[in-house]
Every structure is written in structure tokens, then in C-alpha cells.
Number of protein chains: 2
Amino acid sequence: MKKERELYRDFLKSKNLKFTKPRLIIMETVFENHEHFNVDNLYELIKKKHKNVSRATIYRTVPLLVESGLIKQSLRCESKDIYEHTYGHENHLHFVCDNCGKIIESGFSDVAILIDLLAKNENFEIKEYNLGASGLCKDCQKKKDN
Amino acid sequence: MKKERELYRDFLKSKNLKFTKPRLIIMETVFENHEHFNVDNLYELIKKKHKNVSRATIYRTVPLLVESGLIKQSLRCESKDIYEHTYGHENHLHFVCDNCGKIIESGFSDVAILIDLLAKNENFEIKEYNLGASGLCKDCQKKKDN
DNA sequence: TAAGTAGTTGAGATTCATTCTCATTAAAGT
DNA sequence: ACTTTAATGAGAATGAATCTCAACTACTTA
């Protein structure tokens, strides 16, 4: 968290942006709490801590966190953008259950090698992988079998 | 196209849905024209053909085409859902250029094998792959180099 | 550490994709 | 044709994300 905070501050400075209280609160809440989140989650979490930050500010700050490389936009659920930590987290892919919405993460070192090859063929320079599949998780397969 | 039409009609029948003129026009336009499209594109294309179908009906029909397996939702661009044909098209992955928005397709037979393995480990039953990466296409790399 | 300056915030208005409502219309079976 | 039941069009409604602008605050310099 200390590391994240420093990276964030450096990033802001490099862009001539200010290290403000709302920006700090948002960043701390993002890293205190969980893996996947959306702006709504975040807003509620911050409110619970009796800190007040407006939704607008969260919407303005999340893209900064993305640009700084600390988080990334990973999926969309219920028509909302979902974000996740990237700093200190291995690349992984998502299996998303169509039935219950569960998100299962799985490593993908070998997959990345193959994708890199394909990208090379196209002279495409990858910034970010976006890998996953949708279907049915273990539990929901059982439910559907009835 | 004949095949698509039949599959579509069978699908509708199996669901006790009617094979109506708007549904036919939408389906034909989808398959006459292009790979990736959004509801707006589709609406404009249909209007150009002097056929009239309301946006609401397109929004209602696209999910039917998805459910029937003829198309799938593949990406989001400019805050809009993007769809693509699936019937008669190999699985592929998308390289999306962050700079110019170009979508490059590339086959992924080997990647799929790996992903299938990972899914098996999690007892996850894959319905649809969702594979790609974002970054810079060949042309935009050059532009940025200046 | 006071003052200046330039970016930031909150609140609410706004936008825009998508969904919903409901009166009217059209398929499909008999 | 007749009847039933779903589908359509038009516009209203929803809701996530963005924008506006007056009030505020972080950083810089003296």
C-alpha cells in the first residue's frame, strides 16, 4: 500500500496533478478492500468510512488510477465497468459464470506466450491482455442438470 | 445467408416467437453487410435501404440473434456494445488499437486448447471465449515514434 | 507563511445507450 | 376470415458516465 501510494503520487506529479485528499481516500479504499469493484461499490465503501467523496470525483479519479497502472478495467457486469488491481498482481484470465455472475481467476503464463506470438505476426504492440471465457461454473452446472 | 435464415426461423419457432418482417429485415441487414456492428450502424443501414424498423425493435431483436447463436457480443467501443457474426466464422481473438480503434482479428486454435485446460481445472464449462488484447497497431506505433 | 495561480471538488444538470410502456398491428393456427 | 397472442413503433424512462461552474485547496514563490 505504501508502494502504491508512492507510485500514485509520482504519477500525479509527473502529470502536474495535485495529490488531494479525495484522491488519496479513493486510492486507499481501492487498495484496502477487494479485487473487483465498480464505482458504486467504491462510493458506498467510502461513505461507510464517514469520508465524503462525490461520485463525480470517483468517476474522475478511477481513470487516473488506470493510467497510472495501479488498476485496470477488467470486465463489465450489470452494465457497469468493473475494475481490478494490477499492481503486484499476476496477469490472469477470467471465467465468468453466466448464471450466478461469479468471477473465477486463473493464471495464464503459457497463454500469454502464444498471444504474444500472434501479436508479433500482426505487428501489434500489446499493452494489456484481455482474456477470459463465459459459461457455467461448477455449482451452476449442477443446478442446471436437474 | 439462406442457412442463417433457416436457423433463425427454426430458433424463433422453437421459442414460439413469430417470424416477422422487422425481424427478417434486421437479420438480413446483419448478414448482408459486415463483421462488427453496433445498434446504431444497423439502424442507419436499415434506414438506407428504405426499410423502416424502430431502434426499439433492433434492441429487442439483437439479443435474439445472439441467443440463436448467429452473432455474439464481442467488444465495447465508444460506450456501445459491438456484435459480430459467429455462424460460419472460426473463433478468433481481437487486437484492439487504443489509438485508432482498429480491430485486428487473429486465429487462436492453440490458445483455445490451453484455455480449455485451465477451465477444466476449475470445472468451468465454457460457452464462449473472450480473448484479446489492447495496445497499438502497426501504423499507430509509427505515429507515436515521432 | 501569506498570496497567487492553476488545478480540483461537489452538486446537480446533462448526455446518451439501452430498456420500458402501451396502444396499435400483424403472425399463425383453426 | 377469425381469434389469440405476440410484436411493433414512438416516445417516455432509466441509469451509468460525463460535464458545468462556482467555491475550494494544493503547491509555488517571495
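Before reading on, note that the structure itself is shown above.
Because the structure is predicted, anything quoted here is derived from the model rather than measured.

Analysis parameters
Residues numbered from 1 in each chain as written. Chains lettered and ligands numbered in written order. Predicted model: local features only at pLDDT ≥ 70, side-chain atom pairs only at ≥ 80, totals over all residues. Heavy atoms only, no water. Pairing = 2+ DSSP bridges. Helix = DSSP H or I, 4+ residues; strand = E, 2+ residues; numbered from the N terminus. Axes fitted to C-alpha atoms, helices over the stretch in contact; angles between N-to-C directions. Contact = heavy atoms within 4.5 Å. Buried area = accessible area lost by both parts, 1.4 Å probe. Polar contact = N/O pair within 3.5 Å; in protein donor to acceptor, adjacent residues only side chain to side chain. Nonpolar A, V, L, I, M, F, W, Y, C, P; charged D, E, K, R; others polar. Near = heavy atom within 4 Å.

J.: Looking at this model, I keep getting lost on the sheet that holds strand β5 (residues 125-136) of chain A. Mind explaining?
T.: Consider a sheet: its strands pair through backbone hydrogen bonds, and that pairing is either parallel or antiparallel. The six strands are arranged β4(A)-β3(A)-β5(A)-β5(B)-β3(B)-β4(B) in an open sheet whose pairing can be described as mixed. Edge positions in the sheet fall to β4 (103-107) of chain A together with β4 (103-107) of chain B, since each of these pairs with one other strand and no more. Each adjacent strand pair in this sheet contributes to an overall mean axis angle of 25°, direction not counted. Looking at chain direction, strand β3 (residues 92-97) of chain A and β4(A) are connected through five bridges and run antiparallel. Following the sheet pairing, A:Val96 is matched in β4(A) by A:Ile103. Packing against the sheet, helix α5 (residues 109-121) of chain A makes contact with β4 and β5 of chain A together with β3 (92-97) and β4 of chain B, and its axis sits at approximately 125° to β5(A).

J.: Which parts of the structure should I look at to understand the environment of B:His34?
T.: Residue and element names in this part refer to chain B. One can find His 34 in the loop between α2 (21-33) and α3 (39-48). Separated by 51 residues in sequence, His 34 and His 85 have C-alpha atoms that sit 8.4 Å apart. Aside from chain neighbours lying at most four places away, what touches His 34 is Thr 29, Asn 41, Leu 45 and His 85.

J.: What is the right way to look at the interface of chain A and chain B in this model?
T.: A common way to report how large an interface is uses the accessible area buried once the components associate. With 34 residues of chain A at the interface, the matching set in chain B holds 34 residues. Carbon and sulfur atoms supply 63% of the area buried between chain A and chain B, which totals about 2,800 Å² over both sides. In this assembly, chain A and chain B are joined by 12 residue pairs in polar contact (both at pLDDT 80 or more). Secondary structure elements with two or more residues in the side of chain A that touches chain B: β3, β4, α5, β5 and α6 (138-145) of chain A. A per-class count over the side of chain A that touches chain B returns 17 nonpolar, eight polar and nine charged. Judged from the 11 bridges that link them, β5(A) and strand β5 (residues 125-136) of chain B form a sheet pairing that is antiparallel. Paired with A:Ala133 across the strands is B:Tyr129, a residue of β5(B).

J.: What exactly am I supposed to notice about the protein's contact with DNA strand C here?
T.: Close to DNA strand C lie 20 residues; A:Thr20, A:Arg23, A:Thr57, A:Arg60 and B:Tyr59 are nearest. Close to the protein, within 4 Å, the atoms of DNA strand C belong to sugar or phosphate groups at a rate of 67%. In this structure, a base nitrogen belonging to DNA strand C sits 3.2 Å away from a side-chain N or O atom of B:Lys18. At 3.1 Å, a backbone N or O of B:Asp81 approaches a phosphate oxygen of DNA strand C. Breaking the surface near DNA strand C down by element, the ones donating at least two residues are α2 (21-33) and α4 (55-67) of chain A together with α4 (55-67) and β2 (80-85) of chain B.

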